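# Coordinate inspection notes
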Amino acid sequence: MATNRTFTMIKPDAVENNSIGGILKMINEAGFRIVAMKYTKLSAEAAGTFYEIHKERPFYGELVNYMSSGPIVAAILEKNNAVADFRTLIGATDPTKADEGTIRKIYAKSIAANAVHGSDSDENAQIEGDFYFSKLERF
Ligand code: CMP
């Protein structure tokens with residue numbers, strides 16, 4: 001069953017560039033409601049666990065190092081068709097392939113430092129949101 005929720009992180013490159021405000025503005029203007037939000041930093045161990053699904057990929061080590069290199073903003077977002085609509089809003093993983101007007105086209109530096117994460121399924125949105133937030137932190 002679709003939950004109408006997705007999970008996002010504003011990644012270290014976008015935080016470093018002072019792009020948190022611009023990205024949140026795009027998210028709100030696209031009709032997403034913020035259910036939960038946290039400004040935090042992943043340890044290498046936590047980043048490794050979060051991205052365990054990519055463990056066998058050649059870029060896993062780079063991904064874990066990068067995602068634990070600085071603070072991030074984690075959030076659960078709500079909207080009809082949240083997972084698919086958020087992936088449309090952020091654009092392709094590789095910003096050189098992202099459509100004009102998408103968050104990654106505007107803010108991402110590279111395929112590794114690609115400004116934002118968006119869940120790829122309702123199931124992963126649930127798992128990823130649960131990784132960061134307790135029930136008491138959701139509104
Ligand atoms: P994200 O949506 O967070 O999900 C997995 C991440 O792995 C992805 O965004 C990219 O940041 C990263 N990634 C995917 N493919 C590559 C790649 N070829 N090289 C480096 N990082 C990658």
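Let me sum up the structure you'll find in this document. (Residues numbered from 1 in each chain as written. Predicted model: local features only at pLDDT ≥ 70, side-chain atom pairs only at ≥ 80, totals over all residues. Heavy atoms only, no water.)

### Observations regarding the pairing of strand β3 (residues 72-78)
Across the seven residues of β3, six count as buried, placing the element largely inside the fold. Across six bridges, strand β1 (residues 5-10) lies against β3 in antiparallel orientation. In the strand pairing of β3, F7 is matched with I76. (Buried < 20%, exposed > 50% of the residue type's maximum accessible area, 1.4 Å probe, protein only. Helix = DSSP H or I, 4+ residues; strand = E, 2+ residues; numbered from the N terminus. Pairing = 2+ DSSP bridges.)

### Here we look at the pattern of salt bridges
Considering all chains together, one arrives at nine salt bridges under this definition. Salt-bridge contacts for E78 lead to R33; the nearest nitrogen and oxygen are separated by 3.0 Å. With E78 in strand β3 and R33 in strand β2 (residues 33-40), the pair connects residues that are 45 residues apart, well separated along the chain. Using a relative accessible area of 24% as the deciding quantity, one classes E78 as partly exposed. What emerges from the salt-bridge pattern is a single network uniting R5, R33 and E78. (Salt bridge = Lys/Arg side-chain N within 4 Å of Asp/Glu carboxyl O.)

### Details of helix α5 (residues 82-90)
Every α-helix carries 3.6 residues per turn, so stepping three or four residues along brings you back to the same face. Within the sequence span of α5, burial applies to A82, V83, F86, L89 and I90. End-on view of α5: buried residues confined to an arc of 125°, all on one side of the axis. Looking at the residues trailing α5, positive phi occurs at G91, about 85°. (Arc of directions from axis to C-beta.)

### Thoughts on the packing of aromatic side chains
In this structure the tally under the stated criterion is eight aromatic pairs. Geometrically, the ring pair formed by F50 and F131 is edge-to-face, given 5.4 Å between the ring centres and 80° between the ring planes. Here F50 is found in helix α3 (residues 44-50), whereas its partner F131 is found in helix α7 (residues 122-132), with 81 residues between them in sequence. With a relative accessible area of 9%, F50 lands in the buried category. For F131, a relative accessible area of 34% gives the class partly exposed. Seen from their ring centres, Y132 and F133 are 6.1 Å apart, and the 40° between their planes marks the pair as tilted. Judged by relative accessible area, Y132 falls into the buried class, the value being 9%. Classification of F133 by relative accessible area gives buried; the value is 4%. (Phe/Tyr/Trp six-rings, centres within 6.5 Å; stacked < 30°, edge-to-face > 60°.)

### Considerations on the layout of surface pockets
Approximately 720 Å³ is the volume attributed to the largest pocket. Along the wall of the largest pocket there are 27 residues; nearest its centre are Y51, H54, L63, T93 and H117. Where the lining of the largest pocket is concerned, the elements lending two or more residues are α3, α4 (60-67), α5, β4 (116-118) and α7. It is α7 that provides the largest number of residues to the lining of the largest pocket, a total of four residues. Residue composition of the lining of the largest pocket, by class: eleven nonpolar, eight polar and eight charged. (1 Å grid on protein atoms, 1.4 Å probe; cavity = no way out; pocket = protein on both sides within 12 Å on 5 of 7 lines; lining within 4 Å. Points joined across faces, edges and corners; volume = space filled by probe spheres on them. Nonpolar A, V, L, I, M, F, W, Y, C, P; charged D, E, K, R; others polar.)

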